[in-house]
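Next come the chains, spelled out residue by residue.
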Protein chains: 2
Amino acid sequence: MKIAVDAMGGDFAPEKIVAGAARAVGRFGCEIVLVGDEEKIKTLLAKEKVADNKKIEIVNTTQVIEMHEHPAEAVRTKKDSSIVVATRLVKEGKCDAVLSAGSTGAAVTAAQLILRRIKGIARPTIATPIPTREGVTLLLDSGANVDSKPEHLVQSAVMGSIYSEYVFGIEKPRVGLLNIGEEETKGNEQALLTYPLLRDNPSIHFTGNAEGRDIPKGEFDVVVCDGFVGNVVLKFAEGLAKTIVEMVKDAIKNGGLLARLGALLIIPPLKKLAKRLDVSEYGGAPLLGVNGCVIISHGSSNEKAICNAIGVANEFVNNNVLQRISDTLAKEEDAEQ
Amino acid sequence: MKIAVDAMGGDFAPEKIVAGAARAVGRFGCEIVLVGDEEKIKTLLAKEKVADNKKIEIVNTTQVIEMHEHPAEAVRTKKDSSIVVATRLVKEGKCDAVLSAGSTGAAVTAAQLILRRIKGIARPTIATPIPTREGVTLLLDSGANVDSKPEHLVQSAVMGSIYSEYVFGIEKPRVGLLNIGEEETKGNEQALLTYPLLRDNPSIHFTGNAEGRDIPKGEFDVVVCDGFVGNVVLKFAEGLAKTIVEMVKDAIKNGGLLARLGALLIIPPLKKLAKRLDVSEYGGAPLLGVNGCVIISHGSSNEKAICNAIGVANEFVNNNVLQRISDTLAKEEDAEQ
């Protein structure tokens, strides 16, 4: 197992990316190729304790795609950028997966242009696990594409089901369509057209419309929606969780000595909970639908997030997610003929 | 001030609706017309302490529009339903506002058909206040319409600004367009087309794209989006807040005696916070864009929520929101000519 890591992408790149990769070598025993400014990476690596130095390589690149750049244009012109070179390593069979915390648009575009889409998939989709009371709900698409057609949402549902089954071990994942009401007749045009397609698809276990409140409840294992809606929901969740924590802190701070003492006492159980809610615990979301394992990490990824994202890449590859998706799509195509 | 209350709409109707209305008479000094099954309402009212019995009237109706019914069809055929009769009381000038916790679709349709839209407004919009760290953000449209055109979002922005200014007292409310990135070039077709229209509109103070995480942060006073997205976000917030509270309770329960003692100590400050986050504190969201004050309450509204929603109706009417919206739209039209 060898994973290409875009060392230059992310708010805390290359420092935290290199540190996370170094940690992952010891934790998962996989090999890592750090792609980026060789000199900088070498200096950073020298400060890290690496379980096995032979397991980390560096591939030097001279360009970086910045967050504000237009993804398609940047990927086409910056041929020696870290994300393009890292993705190419997967294409050439030199690596099993690529991971980036840089521009999501650039990572998605590089994947589409270099790795190409799986046969039968019109648009790749980002599958983000959202923690629920007792498990996770996989939300997709959470930002790869907007203005999706109904068939794109169906493809998301099929790929999300496979991921949920083989990576999270959920038998017959319950698939929901994100909508504004339970009834089949509710929704916008996209949802109304998608509902019957999901209901009639034999590759998935469709259990109806999921309303916004059903996502955190955990009544669905896979929830599909347009990437615009998914991205808004995901970022909203992030903001809301952060705001609630801040409000609780404010309340305790202004609540006097007893409240502060009480807070100390409940810190241990709450820490465990915070760990479950922490996005960096998942570290990365797979981009499903391209010929290769591509893991998208949050721009604000720290060392732990990058290490965990490398874990996600390991699981993706070890569980043959790619092959299973291709097999299912081929079966669907056979059935149609 | 006289407010028509749909006594038959909502999960806890007519009990909690009648109780909330009875409470509001004492609190706001306004008159209430309870619209619904007269006999049931009378029995319930007999159990309530009303500050001034002369301030509550009953208008008997024989029909109810249920949640699963098709709104337009039901409003057209059930002429003696509580929501239709209550809305008509506003049309006829007998009441200043109408309030319902029943089917949102039915309330919106009744408002459109009976009260008609304000001149210059193509689609009415629901404006829901979302609590932020220090104030509220008004999210609209939160569910009146889906597949909105850019001009509908602009109308939402104009009406939301006026509401924010005159009801929440915010000078020059900061208006954001809900989107998946900060840059003008980000988004789906709807967002891309809406951005320049908002930027160039002289009636509002547009401050750019708002990402999901910006809503709870409180960096915008008014956030506009399609009703599909707004409804998903709103219900997601509701579900997430509830799930986090349950998870905290689980964590404390499983955290042993010290954690439980700690929880007792922080209850008082957290209660204050919970009150701020509680949706029933706002009670209702105004439907903006029709010729009348229409307040939409959550289906699960309790007595307090209904009472507070009547407070929202009072503020709407006292602050001349309707007149101010009409004036602004007329000015815009003049400028265009």
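Residues numbered from 1 in each chain as written. Chains lettered and ligands numbered in written order. Predicted model: local features only at pLDDT ≥ 70, side-chain atom pairs only at ≥ 80, totals over all residues. Heavy atoms only, no water.

**Q** How should the relation of the copies chain A and chain B be read in this particular structure?
**A** You can overlay chain A on chain B at an RMSD of 0.0 Å; the transform is a turn of 180° with a shift of 0.0 Å along its axis. With respect to symmetry, the two chain copies, as superposed, fit the operation of a two-fold axis. For chain A, the minimum C-alpha distance to the rotation axis belongs to Gly262 of chain A and amounts to 1.8 Å. A shared binding surface is used by both copies, with 100% of the interface residues of chain A retained as interface residues in chain B. (Least-squares fit on C-alpha atoms with pLDDT ≥ 70 in both. Contact = heavy atoms within 4.5 Å.)

**Q** I would appreciate a short explanation of a nonpolar patch on the surface in the present structure.
**A** On the surface, Leu258, Leu261, Leu264 and Ile267 of chain A cluster together to form a nonpolar patch covering roughly 380 Å² of accessible area. With respect to the secondary-structure elements, Leu261 of chain A resides in helix α10 (residues 256-277). (Patch = residues over 30% accessible without salt bridge, like charges linked within 9 Å, V, L, I, M, F, W, Y side chains within 5 Å. Areas by Shrake-Rupley, 256 points an atom, 1.4 Å probe, with all protein chains shown as cover. Salt bridge = Lys/Arg side-chain N within 4 Å of Asp/Glu carboxyl O. Helix = DSSP H or I, 4+ residues; strand = E, 2+ residues; numbered from the N terminus.)

**Q** How should the pairing of strand β8 (residues 174-178) of chain A be read in this particular structure?
**A** Looking down a regular strand, the side chains alternate between one sheet face and the other. Residues and elements named next belong to chain A. Among the five residues in β8, four count as buried, and that is most of the element. As paired strands, β8 and strand β9 (residues 205-210) are joined by four bridges and run parallel to one another. Its bridge partner being in β9, Leu177 is matched across the sheet by Asn209. Handedness of the crossover joining β8 and β9 through helix α7 (residues 189-199): right-handed. Note that β8 and strand β10 (residues 222-224) share three bridges and pair parallel. (Buried < 20%, exposed > 50% of the residue type's maximum accessible area, 1.4 Å probe, protein only. Pairing = 2+ DSSP bridges. Right-handed = clockwise from strand over helix to strand, strands pointing away.)

**Q** What is the right way to read the packing of aromatic side chains from this model?
**A** The way to describe two aromatic rings as a pair is by their centre distance and the angle between their planes. All names here are of chain A. Tallied over the entire structure, the rule returns seven aromatic pairs over all chains. Between Tyr163 and Phe168, the aromatic rings sit 5.7 Å apart at their centres with planes inclined by 85°, giving edge-to-face as the arrangement. Assessed through its relative accessible area of 3%, Tyr163 is described here as buried. Classification of Phe168 by relative accessible area gives partly exposed; the value is 29%. Seen in terms of ring centroids, Tyr163 and Phe316 are 6.1 Å apart; in terms of plane orientation they differ by 45°. Their pairing is tilted. Of this pair, Tyr163 sits in helix α6 (residues 150-167) while Phe316 is found in helix α11 (residues 303-318), placing the two residues 153 residues apart along the sequence. On the basis of relative accessibility, which here comes to 2%, the residue Phe316 falls in the buried class. Within the aromatic cluster, the residues linked to one another by ring pairs are Tyr163, Phe168 and Phe316. Stacked on the ring of Tyr166, the Lys or Arg Arg324 has its end atom at 3.8 Å from the ring centre. (Phe/Tyr/Trp six-rings, centres within 6.5 Å; stacked < 30°, edge-to-face > 60°. Lys NZ or Arg CZ within 6 Å of the ring centre and 35° of its normal.)

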